[in-house]
Amino acid sequence: MKTEVFTHDKLNEKLNFTKLDNGLSVYHIPKKGYVEKYAMFSTKYGSNDNKFIPVGETQPIEVPEGIAHFLEHKLFEEPTGNIFTKFSELGSYVNAFTNFNQTSYLFTCTDKFYENLELLVKFVQNPYFTDENVEKEKGIIEQEIRMYDDSPNWKVFFNCLRGMYHYHPIKIDIAGTVQSIKKINKEFLYKCYSTFYSLENMVLVMVGDFDFQKALKVIENALKNNSSTEDLNIKRFYPEEPKNIKESILEETLQVASPLFNIGFKDLDLGYDGDMLLKKDIETNILLDLLFGRSSELYQKLYEAGLINNTFGSQYIGYKDYGHSIIGGESINPKEVLNMVLKYLEKIKKSGFNKTEFIRIKKKFIGYHIMDFDSIEFIANSFTSYYFRNTSLFKYMNTLENISLEDVQKRLDKHFREDNFVISIVNPQ
């Protein structure tokens, strides 16, 4: 078992890596002198993965929407009770989340790191599903789904996704629907678990001031009954998604004080991940800051016109098979915001960006990136997310420094087009 060590001179950070014999990749970013310690155990399995070939089988199956999130909930239940109590007794904070592409289990602590680590690894590797406890969980998750159904921000966001995508599962709520979770049973859960919780499909990222070799021994002992080196190449199936958007305007009425809006631009430049995806990700975020950041000309115009407030913001999400930018917030007139955004995009495509402003934004990104390394949560979360997209957080700085104004200008022309945007609005009742 060999440990590789990588260093990042500009960030003055170090990365330890070992691939265990059972197939699990383990990373450690040491943070000398930090009292807090953090560990995240993740699988490349999210709410988008509803059609796949189960391990040991030859034909694809389709499982109910929301099952990845359901599985995340169920792993916290042990034959002897709820795992939260055990972490609480160790004085640590434990949590988990499921998004479109991954499921992660994590804890943070200041003491008893190795005991917490052992508990984390063991409970994620110990599924316990019965007919009774699966049925009981449906009621809990149904309440969660209904709670989000009443959330205007959640509604405006998912309506925007439904406007951009025809068939891609990204448009489906991560928790599924009340109807879909009723179809979930323990057999489906075990199939999903056996396929996606293979150690080859998982990664364990740890951040903090502790002994990496001692942590590896804890992990190996906790996994000693799991010799899984199952398929690296899980067969997942996604519907073919047209490039055009599905619906350009979506409106709904809910109890809100002021209209909410999301303007979504569907990414048409897809089909790759790794370092190319990392570069596109950074280019797009620089672009969004230049266009819609608080120092931008457009932001000032919208603000002075009383069309936006401090809730206005933008975000880009990009993966190999989907991607989109969303600009949103509150406004008394969302359609006028859209009108001004489109006119500004047209203008900036002709005039180009100011080079001084571009350099300033790049320096700001570099500064933020350095500051982000003070957060052990940021390091673990971002490292895992980039890992599952076949690139590395440790490549971020060099990639950012090499991005030119011309790269950003090209990205503007590719991403912000007249035929790939939607607006979702939630109006007051």
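Note that the structure is predicted; figures quoted are calculated from it, not measured. (Residues numbered from 1 in each chain as written. Predicted model: local features only at pLDDT ≥ 70, side-chain atom pairs only at ≥ 80, totals over all residues. Heavy atoms only, no water.)

Caption draft 1: Inspection of the packing of aromatic side chains at higher detail. Going through the model one piece at a time under the given rule, you end up with 35 aromatic pairs. Between F52 and F196, the aromatic rings sit 4.7 Å apart at their centres with planes inclined by 70°, giving edge-to-face as the arrangement. Remark: F196 occurs in helix 7 (residues 186-196) and F52 occurs in strand 5 (residues 51-52); sequence separation between them is 144 residues. On the numbers, 4.6 Å between centres and 20° between planes, the contact of Y193 with Y197 is stacked. Accessibility classification places Y193 together with Y197 in one group, the buried group. (Phe/Tyr/Trp six-rings, centres within 6.5 Å; stacked < 30°, edge-to-face > 60°. Helix = DSSP H or I, 4+ residues; strand = E, 2+ residues; numbered from the N terminus. Buried < 20%, exposed > 50% of the residue type's maximum accessible area, 1.4 Å probe, protein only.)

Caption draft 2: Expanded view of the pattern of salt bridges. By the definition in use, this model includes 26 salt bridges. Note that R236 and D49 form a salt bridge whose closest N and O atoms lie 3.2 Å from each other. Taken together, the positions of R236 in the loop between helix 8 (212-222) and strand 12 (249-254) and D49 in the loop between strand 4 (37-43) and strand 5 put the pair 187 residues apart, joining distant regions of the chain. In this structure R236 comes out as partly exposed when scored by relative accessible area, which is 21%. Note that E118 and K122 form a salt bridge whose closest N and O atoms lie 3.0 Å from each other. Here E118 pairs with K122, and both are found in helix 3 (residues 113-124), just 4 residues apart, close to one helical turn. (Salt bridge = Lys/Arg side-chain N within 4 Å of Asp/Glu carboxyl O.)

Caption draft 3: Representation of the sheet that holds strand 1 (residues 3-8) in the model. Taking strand neighbours across the sheet as the criterion, the 7 strands line up as 1-2-3-11-4-10-9 in an open arrangement whose pairing is mixed. Two strands lie at the open edges of the sheet, namely strand 1 and strand 9 (93-98), each paired on one side alone. Going across the sheet, the axis of each strand differs from the next one's by a mean of 15°, ignoring polarity. Relative to strand 11 (residues 202-207), strand 3 (residues 25-29) runs parallel, the two being bridged by 5 bridges. Considered in strand 11, the bridge of V26 is made with L204. Contacting strand 4, strand 10 (103-109) and strand 11, helix 3 runs over the sheet at an angle of about 160° to strand 10. Lying over the sheet, helix 8 contacts strand 1, strand 2 (13-19), strand 3 and strand 11, oriented at roughly 150° with respect to strand 3. (Pairing = 2+ DSSP bridges. Axes fitted to C-alpha atoms, helices over the stretch in contact; angles between N-to-C directions. Contact = heavy atoms within 4.5 Å.)

Caption draft 4: Structural detail: the layout of surface pockets. Taken as a whole, the largest pocket holds about 1,200 Å³ of empty space. In this structure, the largest pocket is lined by 43 residues; those nearest its centre are D281, N285, Q315, Y316 and I317. Looking at the lining of the largest pocket, the elements that each hand over two or more residues are helix 5 (152-164), helix 9 (274-292), strand 14 (313-318), strand 15 (323-330), helix 12 (355-372) and helix 13 (376-388). Class assignment of the residues belonging to the lining of the largest pocket gives a composition of 22 nonpolar, 15 polar and 6 charged. As a volume, the second largest pocket reaches approximately 910 Å³. Around the second largest pocket, the lining is made up of 36 residues, and of these K44, Y387, F388, R389 and N390 lie nearest the centre. Sorting the residues of the lining of the second largest pocket by element identifies strand 1, strand 2, strand 3 and helix 13 as the ones contributing at least two each. Tallied by class, residues from the lining of the second largest pocket come to 14 nonpolar, 11 polar and 11 charged. (1 Å grid on protein atoms, 1.4 Å probe; cavity = no way out; pocket = protein on both sides within 12 Å on 5 of 7 lines; lining within 4 Å. Points joined across faces, edges and corners; volume = space filled by probe spheres on them. Nonpolar A, V, L, I, M, F, W, Y, C, P; charged D, E, K, R; others polar.)

Caption draft 5: Looking closely at unusual backbone geometry. Residue N12 is not a glycine yet carries a positive backbone phi of 55°. With respect to the secondary-structure elements, N12 resides in the loop between strand 1 and strand 2. Classification of N12 as exposed rests on a relative accessible area of 69%.

Caption draft 6: Broad picture of the sheet that holds strand 13 (residues 260-266). Reading across the sheet, the 5 strands line up as 12-16-13-15-14 and stay open at both edges, with mixed pairing between neighbours. Here the strands that pair on one side only, and so sit at the sheet edges, are strand 12 and strand 14. Neighbour-to-neighbour, the strand axes of this sheet turn through a mean angle of 15°, independent of strand direction. In terms of strand pairing, strand 12 meets strand 16 (residues 421-428) through 6 bridges, oriented parallel. Bridge pairing links E251 to I425 in strand 16. Contacts between helix 5 and the sheet are confined to strand 12, strand 13, strand 15 and strand 16, with strand 13 contributing the most and set at about 30° to the helix. Those strands touched by helix 9 are strand 14 and strand 15, and its axis lies near 165° from that of strand 14.

Caption draft 7: How the structure looks around the side chain of H168. Within the element layout of this structure, H168 appears in the loop between helix 5 and helix 6 (178-181). The class for H168 is buried, based on a relative accessible area of 1%. Beyond its immediate stretch of four places on either side in the chain, H168 contacts N48, P239, E241, D321 and Y322.

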